[in-house]
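Examining the three-dimensional arrangement
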Amino acid sequence: MLRFSALVLAFCAFAASADVSAQTQTPRPAADDPVVARVDGQAIRRSEVLAFQRALPPQFQQVPIEALLEPIVDRLVSQKLIAAEGRRANLQNDPEVKARLAQFEERVMQETVLNRMLESRLNDAALQARFAEYQKENPGRDEIRARHILVANEQAAQGIITELGRGGDFAKIASERSVDPAGKQSGGDLGFFGKDDMVPEFWTAASALKAGETTKAPVRSQFGWHVIRVEERRVVPESFDDLREKLASDMSQEIMTGYVEGLVKKAKVERFGLDGKPLPKAP
């Protein structure tokens, strides 16, 4: 327990030096945001504790907040006491403090504008429309169900292909002669698989066959020599839930980029060198 608390305090220190914008939240109604501590009469509310946790490394963001409450409140108490000392020293009027506050205000403004703009444009209807477009170009994942017989050399594989051509039973030969342990038990049946599930040589050979066809030549891979028979082919469409996060990420980037480009086009932008002199106009 002591070790855990020490780790939490270390990460609390990390959070204090991290991007303070992570702790900036829209004020909640007092009834929905109870006071969890007071320091010299100044309230520390639940929303501040939750915002502090969000600034911690990912593994601590998953920890129940009750386990982190005490060390986080300790850190917030320290922060408020230090800030109070700064106000007593009239640092709120210090030029450096004012400059940094102005930078922070600008960053919060940027984040708020972009977040609210995304909230208004990135909704379920927009994501569903993008998903429909994606499906047109990506109907689904190609999958093949195949059997194979794995042997140690090309000559043995060619002999099996000849035997199959004379009516030999694929599953029986696989069970008797395949050196693939799993294949021996299932008559060589590999079940359904996709491109990324197999070595390239195997996938290339299997994907060239129709259902019911067998390779006419042995297929070599790092495992040996294969004789392959395709049993079924299918296309498995990707679901909206599987792609939702990726679609949202892609659309967010596109929307923000377009929004910012639009602002730049409407603005008058003047550029100067590091010496303050105007740069020559681009041709």
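Residues numbered from 1 in each chain as written. Predicted model: local features only at pLDDT ≥ 70, side-chain atom pairs only at ≥ 80, totals over all residues. Heavy atoms only, no water.

Turning our attention to the overall build of the protein chain. In terms of helices and strands, the protein chain carries 11 helices and six strands. Buried residues in the protein chain amount to 28% of all 283 residues. Relative to all contacts within the protein chain whose residues are 6 or more apart in sequence, the contacts with residues 24 or more apart total 65%. (Helix = DSSP H or I, 4+ residues; strand = E, 2+ residues; numbered from the N terminus. Buried < 20%, exposed > 50% of the residue type's maximum accessible area, 1.4 Å probe, protein only. Contact = heavy atoms within 4.5 Å.)

Turning our attention to the pattern of salt bridges. For the structure shown, the criterion picks out 15 salt bridges. In this structure, Arg145 and Glu232 form a salt bridge, with 3.1 Å as the shortest nitrogen-oxygen distance. Note that Arg145 is positioned in strand β3 (residues 141-151) and Glu232 in strand β6 (residues 224-236), a separation of 87 residues in sequence. One salt-bridge network, held together by shared partners, links Arg141, Glu143, Asp197 and Arg234. (Salt bridge = Lys/Arg side-chain N within 4 Å of Asp/Glu carboxyl O.)

Quick look at the packing of aromatic side chains now. Under the counting rule described, the total for this entry stands at three aromatic pairs. Ring plane angle 70° and centroid distance 5.5 Å describe the contact between Phe131 and Phe240, whose orientation is recorded as edge-to-face. In this pair, Phe131 sits in helix α6 (residues 124-137) while Phe240 sits in helix α11 (residues 240-266), placing the two residues 109 residues apart along the sequence. Residue Phe131 shares its accessibility class with Phe240, and that shared class is buried. Between Phe193 and Phe202, the aromatic rings sit 5.9 Å apart at their centres with planes inclined by 70°, giving edge-to-face as the arrangement. (Phe/Tyr/Trp six-rings, centres within 6.5 Å; stacked < 30°, edge-to-face > 60°.)

For the rest of this paragraph, the subject is the packing of helix α7 (residues 154-165) against helix α8 (residues 170-177). Axis separation between α7 and α8 bottoms out at 10 Å; the angle between their running directions is 150°. One finds that α7 runs roughly antiparallel with respect to α8. α7 and α8 meet at a crossing whose hand is right-handed. Facing Ile160, Glu163 and Leu164 of α7, the residues of α8 in contact are Phe170, Ile173 and Arg177. Taken together, the residues that form the contact of α7 with α8 break down as four nonpolar, no polar and two charged. (Axes fitted to C-alpha atoms, helices over the stretch in contact; angles between N-to-C directions. Parallel < 35°, antiparallel > 145°, perpendicular 65-115°, else oblique. Left-handed = near helix turned anticlockwise from the far one by under 90°. Nonpolar A, V, L, I, M, F, W, Y, C, P; charged D, E, K, R; others polar.)

Moving on to the side chain of Gln53. Mapping Gln53 onto the fold places it in helix α2 (residues 46-54). Residue contacts for Gln53: discarding those within four places in its chain leaves Phe60, Gln61, Val63, Ile65, Leu68 and Ile72.

What follows is about the pairing of β6. Pairing analysis gives 11 bridges linking β3 to β6, with the strands arranged antiparallel. Looking at the pairing, Glu143 lines up with Arg234 of β6. In this sheet, β6 lies alongside strand β5 (residues 219-221) in antiparallel orientation, the contact comprising three bridges. By the bridge assignment for β6, Arg220 is matched with Trp225. (Pairing = 2+ DSSP bridges.)

What follows deals with the sheet that holds β3. Strand pairing in a sheet takes place through backbone hydrogen bonds and is either antiparallel or parallel in direction. Spatially, four strands are ordered β4-β3-β6-β5 in an open sheet, and the strand pairing comes out antiparallel. With partners counted over all chains shown, the strands left at the sheet margins are β4 (189-193) and β5, one partner each. Averaged over all pairs of adjacent strands, the angle between strand axes in this sheet comes to 40°, irrespective of strand direction. Running over the sheet, α7 touches β3 and β6 and is turned about 55° from β6. With respect to the sheet, helix α10 (residues 200-207) is in contact with β3, β4, β5 and β6, its orientation differing from that of β6 by roughly 60°.

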